[in-house]
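# Close look at the chain arrangement
Here are the chains, one letter per residue:
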Amino acid sequence: MISALKKDHLRIASVNVNGLRAAYKNGMAAWLEPREVDILCLQEVRAPDAIVRQLLGDGWHILHAEAEAKGRAGVAIASREEPLETRSGIGDDYFATAGRWVEADFRVADAAGNPAQLTVASAYVHSGEVGTQKQVDKYRFLDVMSTRLPELSKHSDHAVVVGDLNVGHTERDIRNWKGNVKKAGFLPDERAYFDRFFGEDIGWKDVHRGLAGDVDGPYTWWSQRGQAFDNDTGWRIDYHMATPALAAAAFSAVVDRAPSWDTRFSDHAPLVVDYRL
């Protein structure tokens, strides 16, 4: 059973590290060590499995899907308690070696203290590029997600997909949305998938948006160009997508935005959500 229950909540953090080795070189450990994370989900790990285990250190049960293409993608779930079961891949052989989806099942408890199962997935959706194979692959991945989410709803009592999903769902999610309506990440066809994810058809919830309310952002990624970080000209493309009962149990969502551009360990900021189970 997840040890977080002893403190009355479960803390799940997600971060695109933009290369785990670089992130640790730039101070990721100083963020992680005091953060009391129970389940850590990583994207764009871009490192061999041995390096991942060496950097994270003892005390973690690590599920890591390394991409076949060296130096690309890679996702991981690191947990303080051992999962009941783990799976690598989203269910389409086309993405089997892409390093973009891993799942782990955990034993938790429901509101009455009865045993329940939680599934956590760490996902890294393609960034895409209009008119290229990258965009074709992105739509194919989102299609498979549309099938996998309902399957997860049936598989476990609670489920959450976290990670860099590379789509800003609404105008609130991108500071300069007008300049990006024809670019990958804010295309109408991409956003329509999220309408379905969070609509009546699939019925999952955008946990961060639900807690933040109808406000701009809070953003989780900023371009390396210009003064985007300093001016908070960002994108909210990192998510916790959860089944309704789990989303209702979330009571805190925080973007751990670095105090300054030069103190970041990644171009993404961690998204940390607390769930009271």
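Residues numbered from 1 in each chain as written. Predicted model: local features only at pLDDT ≥ 70, side-chain atom pairs only at ≥ 80, totals over all residues. Heavy atoms only, no water.

This brings us to the packing of aromatic side chains. In this structure the tally under the stated criterion is 11 aromatic pairs. Between the aromatic rings of F95 and F141, the centroid separation amounts to 5.1 Å while the plane-to-plane angle is 80°, which identifies the pairing as edge-to-face. With F95 in the loop between strand 5 (85–88) and strand 6 (101–109) and F141 in helix 4 (residues 133–155), the pair connects residues that are 46 residues apart, well separated along the chain. Members of the aromatic cluster, connected to one another through ring pairs, are Y94, F95, W101 and F141. For R257, the ring lying beneath its charged end belongs to F229, and the centroid distance is 3.9 Å. Sitting over the ring of F251, R276 keeps its end group 4.0 Å from the ring centre. (Phe/Tyr/Trp six-rings, centres within 6.5 Å; stacked < 30°, edge-to-face > 60°. Helix = DSSP H or I, 4+ residues; strand = E, 2+ residues; numbered from the N terminus. Lys NZ or Arg CZ within 6 Å of the ring centre and 35° of its normal.)

Close contact between helix 4 and helix 5 (residues 188–197) brings their axes to 11 Å; oriented N to C, the two are set at 5°. When the axes of helix 4 and helix 5 are compared, the pair comes out roughly parallel. On the side of helix 4, the interface is formed by Q135, K138, Y139, L142, D143, M145, S146 and L149, while helix 5 contributes D189, E190, Y193, F194, R196 and F197. Of the residues in the contact of helix 4 with helix 5, the class split is 7 nonpolar, 2 polar and 5 charged. (Axes fitted to C-alpha atoms, helices over the stretch in contact; angles between N-to-C directions. Parallel < 35°, antiparallel > 145°, perpendicular 65-115°, else oblique. Contact = heavy atoms within 4.5 Å. Nonpolar A, V, L, I, M, F, W, Y, C, P; charged D, E, K, R; others polar.)

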